[in-house]
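Here is what each chain is made of, one letter per residue.
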Amino acid sequence: MRLSRYFLPILRETPKEAEIVSHRLALRAGLIRQESAGIYAWLPFGLRVLNRICAVIREEQNRSGAIELLMPTIQSADLWRESGRYDAYGKEMLRITDRHEREMLFGPTNEEMITEIFRGYVRSYKSLPLNLYHLQWKFRDEIRPRFGTMRSREFLMKDAYSFDIDQAAARHAYNRMFVAYLRTFERMGLKSIPMRADTGPIGGDLSHEFIILASTGESAVFCHKDYLDFAVPPADTNFDSVDELAGIVSKWTSLYAATEEMHDAAAFAQVPQAAQVSARGIEVGHIFYFGTKYSEPMRAVVAGPDGVERPVHMGSYGIGPTRLVPAIIEASHDEAGIIWPDAIAPFNAAILNLKPGDSATDTVCGTLEQALEARGLSALVDDTDERPGAKFATADLIGLPWQIIVGPKGLAEGKVELKRRATGERALMSPEDAVERIAS
RNA sequence: CGGGGUAUAGCGCAGUCUGGUAGCGCGGUAGUUUUGGGUACUACAGGUCGUAGGUUCGAAUCCUGCUACCCCGACCA
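Residues numbered from 1 in each chain as written. Chains lettered and ligands numbered in written order. Predicted model: local features only at pLDDT ≥ 70, side-chain atom pairs only at ≥ 80, totals over all residues. Heavy atoms only, no water.

Some details on unusual backbone geometry
Basically, it comes down to this: Put simply, DSSP H or I for four residues or longer makes a helix, DSSP E for two residues or longer makes a strand, and each gets a number counted from the N terminus. Using a 1.4 Å probe on the protein chains alone, a residue whose accessible area is under 20% of its type maximum counts as buried, one over 50% counts as exposed, and one in between counts as partly exposed.
Residues Leu 128 and Pro 129 are joined by a peptide bond in cis, for which omega reads 0°. Considering the arrangement of structural elements, one finds Pro 129 in the loop between helix H5 (111-121) and strand S7 (130-139). The backbone phi angle of Glu 101 is positive, close to 65°, even though this residue is not glycine. With respect to the secondary-structure elements, Glu 101 resides in the loop between strand S5 (94-97) and strand S6 (103-106). Residue Glu 101 is classed as exposed on the basis of its relative accessible area, which comes to 64%. We note that Phe 147 has phi near 60°; this positive angle belongs to a residue other than glycine. By the element assignment, Phe 147 lies in the loop between S7 and strand S8 (154-164). A relative accessible area of 22% places Phe 147 in the partly exposed class.

Shown next as structure tokens:
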């Protein structure tokens, strides 16, 4: 992609409303634009990041055995009356009326709807276990949206819903998501810590929040520091093995870790002083087991081996991709700008043409872009008329993992300069070697 | 919802106290210059001063209402 033909509105100055670094950088690097309080447009560059985050989430959801579908954003109030949540949910729910005066709502979550879908088709325990998920926009009319897309009113959520015949089976479904979440966040370059959590209005009695430690986090958290060094389960983890998953979850819940709401000061005091981590965190995922809370009132029942019908045991599992974007920026940036982890970078490399119009630099930039694309990698070529200094500053700001600097000086010796954004490390090499390094 | 604040050009701001017909920096456009870490110069374009009303010969400026947005607290992916 040529920058001169792309739509990447860079801001040199920071809009005054942005208080935290991820919000500032998201605005400056042209990721998002605010349209109303807590409502954002995703500009092309930001959308590419969001899409890559969603791709990682999908891969790990699918790996764990979950199946993707897509439910609508608009739901019927009647569905929510069945569960009793229409009145219980409060003002966070955006209620709307259609032309026939029918009461509708913009979905803040989908437990009711997925339960309605499930009960419409599933009759037997033989169809279980089942885990259905989707990635869909949600709306929660937050009292105070803030920090850009960190807490927005309209936001994208991956929400998965599990259905099982009994509590033991549901526990395994819970463990699948637990492990999938550890892997998902790890792949995005984040160290997530599962913490015992309050269940909130979703309900239930078993719940973990996946927390990223960050000074700008909204909640206070307390944990054992060894969590930061725990090895994340590998890709070949057997998600069908009850014992294997139970072992992983048991390890990841063995040490103290709790959010403010669930904090037990006495228990935390038992953790050796040197291992106590008292910090702030960003919640990027939340998983719940809530049993028959919805299946009972909504009569989602299946016949067991004995022919007796019983309500299914359910859980729900959320990740906020639109929150992950700022969370990743909080975790990965420096004074100059964003540093995208390779797995979710909007382009793999920036190619800086220091002298556009010079046939040598133009040719090499074109060749580099093609060579990268042939390897399945993407590049953003800065072919604008800006001065070299401005291009370096822009490249650092937008934070692509690699920069290939192509200028007349280097090309005189047949070399380009390859810079790794994260480390600042740079080296002169042939264009071919640069492509090789990036691809490896 | 309680408390605090802001609204003037795309962005960041001055001008408001003391009323006299709007300015600076960045950015944009055209050109000259420069070219390996945000080059310099010249010219140009761009504003119903959030909105509605009031006071006045005259309102960005004074008064009243409204709206939007931001920050601090209680809710949440």
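Picking up after the structure, the text goes on.
Structural notes on the packing of aromatic side chains
Applied cut-off: In summary, the pairing rule links any two rings of Phe, Tyr or Trp, Trp by its six-membered ring, whose centres are within 6.5 Å, and it sorts them by plane angle into stacked for under 30 degrees, edge-to-face for over 60 and tilted for everything else. Charge-over-ring placement is defined geometrically: NZ (Lys) or CZ (Arg) within 6 Å of the ring centre, and within 35 degrees of the ring normal.
Here the structure, examined in full by the defined rule, presents 16 aromatic pairs. Between the aromatic rings of Phe 222 and Phe 268, the centroid separation amounts to 5.5 Å while the plane-to-plane angle is 70°, which identifies the pairing as edge-to-face. Linking Phe 222 in strand S11 (residues 219-224) with Phe 268 in helix H8 (residues 265-269), this pair joins segments that are 46 residues apart in sequence. By relative accessible area, Phe 268 is classed as buried at 8%. When the ring centre of Tyr 86 is taken as origin, the NZ or CZ atom of Arg 95, which lies over that ring, is 4.6 Å away. One Lys or Arg, Lys 251, reaches over the ring of Phe 230 and ends 4.5 Å from the middle of that ring.

Describing the sheet that holds S6
Cut-off, in case you're wondering: Pairing between strands requires that DSSP locate at least two bridges from one strand to the other. Comment: axis = line fitted to C-alpha atoms, over the contacting stretch for helices; angle = value between 0 and 180 degrees taken between N-to-C directions.
The strand order across the open sheet formed by three strands is S4-S6-S5, and the pairing between neighbours is antiparallel. Looking along the sheet, the strands with just one partner apiece sit at the ends: strand S4 (74-76) and S5. Shown here is a sheet whose adjacent strand axes are inclined to one another by a mean of 40°, direction ignored. Pairing of S5 with S6 involves four bridges; the strand directions are antiparallel. Looking at S6, one finds that Leu 94 is bridged to Phe 106.

As for the packing of helix H2 (residues 44-63) against helix H6 (residues 167-187)
The following threshold applies: Between 65 and 115 degrees an angle is taken as roughly perpendicular, under 35 as roughly parallel, over 145 as roughly antiparallel, and anywhere else as oblique. Left-handed describes a crossing in which the near helix is turned anticlockwise from the far one by less than a right angle; the clockwise case is right-handed. What makes two residues a contact is simply this: any of their non-hydrogen atoms within 4.5 Å. The nonpolar class holds Ala, Val, Leu, Ile, Met, Phe, Trp, Tyr, Cys and Pro. Asp, Glu, Lys and Arg form the charged class, and all remaining residues, Gly among them, are polar.
Put simply, H2 and H6 touch, their axes get as near as 9 Å, and they point 150° apart. Between H2 and H6, the angle falls in the class roughly antiparallel. In this structure, H2 meets H6 at a crossing whose hand is right-handed. Residues Val 56, Ile 57, Glu 59, Glu 60, Gln 61 and Arg 63 of H2 pack against Met 177, Ala 180, Tyr 181, Arg 183, Thr 184 and Arg 187 of H6. Taken together, the residues of the contact of H2 with H6 break down into five nonpolar, two polar and five charged.

Here's the deal with the layout of surface pockets
Threshold: Of the two site types, the cavity is a set of points on a 1 Å grid over the protein atoms alone where a 1.4 Å probe fits but cannot get out, and the pocket is an open set with protein on both sides within 12 Å along at least five of seven lines, each lined by residues with an atom within 4 Å of a point. Grid points are joined across faces, edges and corners, and a volume is the space filled by probe spheres set on the points.
Counted as a void, the largest pocket has a volume near 1,100 Å³. What lines the largest pocket is a set of 41 residues, and nearest its centre among them are Arg 140, Arg 151, Glu 283, His 286 and Arg 323. Put simply, the parts of the chain that give the lining of the largest pocket at least two residues each are S8, strand S13 (276-291), strand S16 (313-319) and helix H9 (321-331). Per element, the largest residue contribution to the lining of the largest pocket is seven residues, and it comes from S13. In terms of residue class, the lining of the largest pocket is built from 14 nonpolar, 15 polar and twelve charged. Within this model, the second largest pocket holds a volume of roughly 400 Å³. Taken together, 17 residues make up the lining of the second largest pocket; nearest its centre are Ile 10, Arg 12, Glu 386, Ala 390 and Thr 394. Looking at which element gives the most residues to the lining of the second largest pocket, the answer is helix H11 (residues 388-398), with six residues.

A short note on the side chain of Arg 176
The test is simple: Between N or O atoms, a polar contact is any pair within 3.5 Å; within protein, one atom must be a potential hydrogen donor and the other a potential acceptor, and residues adjacent in sequence are included only when both atoms are from side chains.
Examined against the element boundaries, Arg 176 turns out to sit in helix H6. Arg 176 sits in the buried class, given a relative accessible area of 15%. Among the polar contacts made by the side chain of Arg 176, one reaches the main-chain carbonyl oxygen of Ser 64 at a distance of 3.1 Å. Excluding residues that lie within four positions of it along the chain, Arg 176 makes contacts with Ser 64, Gly 65, Pro 129, Phe 239, Asp 240 and Leu 245.

So, the pairing of strand S19 (residues 349-353)
This is how it is decided: For a crossover, the right-handed case is the one in which the path from the first strand over the helix to the second runs clockwise, viewed with the strands pointing away from the viewer.
Burial analysis of S19 places five of its five residues in the buried class, which makes it a mostly covered element. Burial along S19 is two-sided: the face carrying Ala 349, Ile 351 and Asn 353 and the face carrying Ala 350 and Leu 352 are both buried. Pairing geometry for S19 and strand S20 (residues 379-382), over four bridges, is parallel. Residue Ala 349 lies in a different strand from S20, and its bridge partner there is Ala 379. Crossover connection from S19 via helix H10 (residues 359-374) to parallel S20: handedness right-handed. Bridge count between S19 and strand S21 (residues 402-406): five bridges; the pairing is parallel. Residue pairing in the sheet places Ala 350 in a bridge with Gln 403 of S21.

As for the packing of H10 against helix H13 (residues 431-439)
Direction vectors running N to C along H10 and H13 enclose 30°, while the axes themselves pass 10 Å from each other. Classed by the angle they form, the pair H10 and H13 counts as roughly parallel. In the crossing of H10 with H13, the sense of the turn from one axis to the other is right-handed. Here Val 364, Leu 368, Ala 371 and Leu 372 of H10 come into contact with H13, specifically with Pro 431, Val 435 and Ile 438.

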